[in-house]
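# Report on the structure
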Amino acid sequence: MSDTQQSTHLSKKLHFANARYLAQLYANKESNLSVIEKCFDVRLVTRDEWLQIDGSSDQVAAVETIFEILNHGREQGLNIKSPDFNNVVKGIADGQEEEIRSLFEESTVIKTKRKSIIPKTIGQKQYLKDIEKNDIVFGIGPAGTGKTYLAMAAAVSNLLNGKVKRIILSRPAVEAGETLGFLPGDLQEKILPYLRPLYDALYDMLDREDVAKFIDRGIIEIAPLAYMRGRTLSDAFVILDEAQNTTPEQMMMFLTRLGNESKMVITGDITQIDIPRSKTSGLLEVQKILKRLKGIQFHFFKKGDVVRHHLVQQIIEAYDVYQNRH
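The model shown is predicted, which means the values in this text are computed figures rather than measured ones. (Residues numbered from 1 in each chain as written. Predicted model: local features only at pLDDT ≥ 70, side-chain atom pairs only at ≥ 80, totals over all residues. Heavy atoms only, no water.)

### Side note on the overall build of the chain
Stated formally: Numbering goes from the N terminus for both helices and strands, where a helix is a DSSP run of H or I of at least four residues and a strand is a run of E of at least two. In what follows, a contact means two residues having at least one pair of non-hydrogen atoms within 4.5 Å. Here Asp and Glu are counted as negative and Lys and Arg as positive; His is not counted, and neither are the chain ends. Here the site of a charge means atom NZ of a Lys, CZ of an Arg, CG of an Asp or CD of a Glu.
When helices and strands are counted, the chain shows 12 helices and 12 strands. The principal-axis extents of the C-alpha atoms in the chain amount to approximately 80 × 50 × 35 Å. The long-range share in the chain, meaning contacts at least 24 apart out of those at least 6 apart in sequence, stands at 71%. On the chain, the mean spot of the 43 positive side-chain charges and the mean spot of the 43 negative ones are 3 Å from each other.

Right, dumping it as structure tokens:
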């Protein structure tokens, strides 16, 4: 790096491995660079593998910090997207450098028996840190953001590391416009379709033999929300999935099951509520009731946290536009 300073004005050039590597830091969108220019009153010029910053010494230093932090995140395996970029820029502009840096102090890797799971966005990394620091975390956001999968990974990791003695996974048995009551079998067989996504995530992290063994021993329990009533869940990592389909009464019932040495993660997508319109979603109401309680964290995923096929994010955006128009 080289710099030339005249009074309070500074011109500084930052060098990176190659042009592609540099572009990844601003989410491959040059329009994101203009966000920095407007926010910090600087001029940015990028050519090949370098980025030049022109402005006052303080502002140039702030912009250099932004790219240093983003670069550190990129080295940890994060895929920088526009919401991530904007969050870092806003954080530095608001004087939250310490908080932003703490998010990138070390890489976040969750190890299970079958794979190591690394968050792919800054939002996902913050979510895992929220789970680590709080006893109750709400993960709210659109499909494909990893809110349930990452919670499952944290649960499996806590179990394998001896931090909890069991995992309890639950979903409300609410039909998404389909009727399963005609299916043959007992109650357990009828509710299996509702719980299948939880099994799929487990099989991705543990061997099938281990899953069967843990379930047989009661170390892992997968059950409909109705089965939680009247219980106290201690020494457990408890996950409630599809929580947008709970009623306020069900949500309160579930939250008050929390026992000693336990964690709860509640996940849901408020754009996919399947309960009758005459009923209020417990996930919507709980945000108003518990948002100020210490030890409870609400984490809101954005469209930029979607890590499925690239078309999934575009589909979500298209539906948002349509619904806003109508």
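### Quick notes on the packing of helix H10 (residues 248-255) against helix H11 (residues 282-290)
Helix-helix packing: each pair is described by the crossing angle between the helix axes and the interaxial distance. Going by this rule: Here the axes come from fitting lines to C-alpha atoms, over the contacting stretch only for helices, and the angles between their N-to-C directions go from 0 to 180 degrees. Here the word oblique covers every angle except those under 35 degrees (roughly parallel), over 145 (roughly antiparallel) and from 65 to 115 (roughly perpendicular). By the definition used in this description, the sense in which the near helix is turned from the far one sets the handedness, with an anticlockwise turn below a right angle giving left-handed and a clockwise turn giving right-handed. Throughout this entry, Asp, Glu, Lys and Arg are counted as charged residues, while Ala, Val, Leu, Ile, Met, Phe, Trp, Tyr, Cys and Pro are counted as nonpolar. The remaining residues, Gly among them, count as polar.
The contact between H10 and H11 brings their axes to 8 Å, and the two run at 60 degrees. Classified by the interaxial angle, the pair formed by H10 and H11 is oblique. Note that H10 runs across H11; the crossing there is right-handed. Here Pro-248, Met-251 and Leu-255 of H10 come into contact with H11, specifically with Gly-282, Leu-283, Glu-285, Val-286 and Leu-290. For the contact of H10 with H11, a count of residues per class yields 6 nonpolar, 1 polar and 1 charged.

### Description of the sheet that holds strand E8 (residues 166-171)
Basically, it comes down to this: Note on pairing: DSSP must find at least two bridges between two strands before they are called paired.
The sheet built from 6 strands is open, its strands ordered E9-E8-E10-E11-E7-E12 with parallel pairing. A single partner strand is all that each edge strand has here, and the edge strands are strand E9 (220-224) and strand E12 (296-300). The mean angle between the axes of side-by-side strands here comes to 15 degrees, regardless of whether they run parallel or antiparallel. By the bridge criterion, 5 bridges tie E8 to E9 in an arrangement that is parallel. The residue of E9 that forms the bridge with Leu-169 is Ile-222.

### Some points on the confidence of the model for the chain
Note the cut-off: Summary of the metric used: pLDDT quantifies the predictor's per-residue confidence within the range 0 to 100.
For the chain, per-residue confidence averages 86 on the pLDDT scale, and residues scoring 70 or more make up 90% of the total. Contacts for the low-pLDDT stretch residues 1-7, under 50 throughout, to residues beyond four places or in other chains number 16 contacts. Predicted confidence for residues 176-180 stays below pLDDT 50, and this span has 4 contacts to residues more than four positions away or in other chains.

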